[in-house]
Amino acid sequence: RITFIRHETNAGLFPTLNELASVATAPRLRFWAQDDVMLPHCLAAEHAFLRQHPNVVMTYCEYERIDENGQTVRPIPFDDTPALLESWHAAQIAFYWGSIAGNISTAAVSRQVFERVGGFGRFRVAGDFDLWVRIAEHGVTGFVREPLVQVRDHSRQFSQTFPQFLRFIL
């Protein structure tokens, strides 16, 4: 059930996720990054949501922000996004607010649609944002309105290191 893949050098997040997706056999891909924490009921809650909404091509969930010691640093803000988003609505949210999933650790996608859109593109930064937009064009996006993961927030993260982050944007 588990395949171990080791690289001698760091291939980068998105190429590695593409490689892992290519060997996955399940109909859905659940993404994960670095040192975030999946709450014990996460997969069961996502599975229940998908049983109710089988036409969903991508799901994302609310999340708690924790610090490097696992302490909650920010309460979950109220989010009135509907549970089901048609393609136009997901695109509108992405245009106005940025990455619809907020963090790669909140997202799960249909493997079939992932393959159809070509997986993660060649971006080193914001490759997840690019993928979510392309996937949303292929069907309904589901929002699970409960925190199912804890996303770690600390000063050493790539997205927090402004000069490094800016280098990839320019």
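What this report covers is the structure whose coordinates are included nearby. Worth saying up front: this structure is predicted, and the values here are computed from it rather than measured.

Here is what the cut-offs are and how they apply
- Each chain has its residues counted from 1, following the order in which its sequence is written.
- For a predicted model such as this one, the threshold for reporting local features is a pLDDT of at least 70, and the threshold for listing and counting side-chain atom pairs is 80 or more; totals across whole chains, interfaces and linings nevertheless cover every residue.
- As a convention, hydrogens and water are excluded, and side-chain values are obtained from all of the structure's heavy atoms.
- What is meant by a nonpolar core is a set of buried Ala, Val, Leu, Ile, Met, Phe, Trp, Tyr and Cys residues, joined one to another through side-chain atoms within 4.5 Å.
- Working definition: with a 1.4 Å probe on protein chains only, accessible area under 20% of the residue-type maximum means buried, over 50% means exposed, and in between means partly exposed.
- The way it works is that DSSP assigns letters per residue, a run of H or I at least four long becomes a helix, a run of E at least two long becomes a strand, and they are numbered from the N terminus.
- In this description, contact between two residues means that some pair of their heavy atoms is separated by no more than 4.5 Å.
- Within 6.5 Å between ring centres, the rings of Phe, Tyr and Trp (the latter by its six-membered ring) count as paired, and their orientation is classed by plane angle as stacked under 30 degrees, edge-to-face over 60, tilted in between.

### Quick word on the nonpolar core
If you look at the biggest cluster of nonpolar residues, it comprises 26 residues, and the most contacted ones within it are Phe 31, Met 58 and Trp 132. For this core, the secondary structure elements donating two or more residues are helix 1 (13–23), strand 3 (56–66), helix 3 (87–97), strand 6 (107–110), helix 4 (111–117) and helix 5 (127–136). When residues of this core are assigned to their parent elements, the largest contribution, 4 residues, is made by helix 5. Excluding residues within four positions of it along the chain, Phe 31 makes contact with Leu 17, Ile 104, Ser 105, Ala 107, Val 109, Phe 114, Phe 120 and Trp 132. Core analysis: the second largest hydrophobic core is formed by 12 residues, Leu 50, Cys 61, Val 140 and Val 144 among them.

### A closer look at the packing of aromatic side chains
Taken as a whole and assessed by the stated rule, the structure comprises 8 aromatic pairs. Between Phe 95 and Tyr 96 the ring centres are 5.1 Å apart and the planes differ by 85 degrees, which places this aromatic pair in the edge-to-face class. With 5.8 Å between their ring centres and 70 degrees between their planes, Phe 114 and Phe 120 make a pair best called edge-to-face. Classification of Phe 114 as buried rests on a relative accessible area of 4%. Since its relative accessible area comes to 3%, Phe 120 is described here as buried. An aromatic cluster is present here, built from Phe 14, Phe 31, Phe 114, Phe 120 and Trp 132 joined pairwise through their rings.

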